[in-house]
Amino acid sequence: MWAGPPTTKTKCPLPSSAECHTYDGRFGRPKAAVLRGSCSCGWRGMAEYLLDWTTLPDDLSGPIPDYAAHLSVIRNTAVQLPAELTALLTELVRQLEGLAAEEPPWSP
């Protein structure tokens, strides 16, 4: 979710981020007043939802349905992969999971 500064109704003039703490008002950063849905494809929701910092990250009830609606549009226009490619990708995932299970846990 994209959070914009409190006094701006348009896109944030600063580089945007999906991290809420980027706009939490600390360290001279702007404090967001609204949330908007966003997607890595570049889609940005039109609706803005007032941001209550006391409920984050538990209450994202505004932008989440916007994002879900966006995904349903994408899902409805997507082209289905051929069955052979789906089978190959499924087998690749199975083999990678098997290799990952054999590896000892990583520790720094």
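What you see is a predicted model, and the numbers here were worked out from it, not measured in a lab.

**Student:** How do you make sense of the pattern of salt bridges when you look at a structure like this?
**Tutor:** Pairing of side chains with opposite charge becomes possible as their charged atoms draw close. The tally for this structure, following the rule as stated, stands at three salt bridges. Here R29 ties to D24 by a salt bridge, and the two come within 3.1 Å at their closest N and O atoms. We classify R29 as partly exposed; its relative accessible area is 28%. Across the pair E91 and R94 runs a salt bridge whose closest N-O atoms are separated by 2.5 Å. Note that E91 and R94 are positioned in helix α2 (residues 83-102) at a spacing of three residues, about one turn of the helix. Residue E91 is classed as partly exposed on the basis of its relative accessible area, which comes to 31%.

**Student:** Hey, could you run me through a nonpolar patch on the surface in this one?
**Tutor:** A surface patch of nonpolar side chains, amounting to about 640 Å² of accessible area, comprises L81, L85, L88, L89, L92, L96 and L99. Positionally, L96 belongs in helix α2.

**Student:** Teacher, can you tell me more about the state of the cysteines here?
**Tutor:** Covalent bonding between the sulfur atoms of two cysteines is what defines a disulfide. The full count for this structure, using the stated rule, is zero disulfides. Cysteine C39 shares no disulfide, and the gap to the nearest cysteine sulfur, in C41, comes to 3.7 Å. Using a relative accessible area of 13% as the deciding quantity, one classes C39 as buried. For C41, a relative accessible area of 53% gives the class exposed.

**Student:** Help me understand unusual backbone geometry, please; the structure alone is not making it clear to me.
**Tutor:** Among all residues except glycine, the phi angle is most often negative; among peptide bonds, the trans geometry is most common. At F27, a position not held by glycine, the phi torsion is positive, near 60 degrees. The residue F27 is located in the loop between β1 (2-4) and β2 (34-36) in this model. On the accessibility criterion, F27 (71% relative accessible area) is exposed.

Scoring rules and cut-offs
Residues numbered from 1 in each chain as written. Predicted model: local features only at pLDDT ≥ 70, side-chain atom pairs only at ≥ 80, totals over all residues. Heavy atoms only, no water. Salt bridge = Lys/Arg side-chain N within 4 Å of Asp/Glu carboxyl O. Buried < 20%, exposed > 50% of the residue type's maximum accessible area, 1.4 Å probe, protein only. Helix = DSSP H or I, 4+ residues; strand = E, 2+ residues; numbered from the N terminus. Patch = residues over 30% accessible without salt bridge, like charges linked within 9 Å, V, L, I, M, F, W, Y side chains within 5 Å. Areas by Shrake-Rupley, 256 points an atom, 1.4 Å probe, with all protein chains shown as cover. Disulfide = S-S within 2.5 Å.

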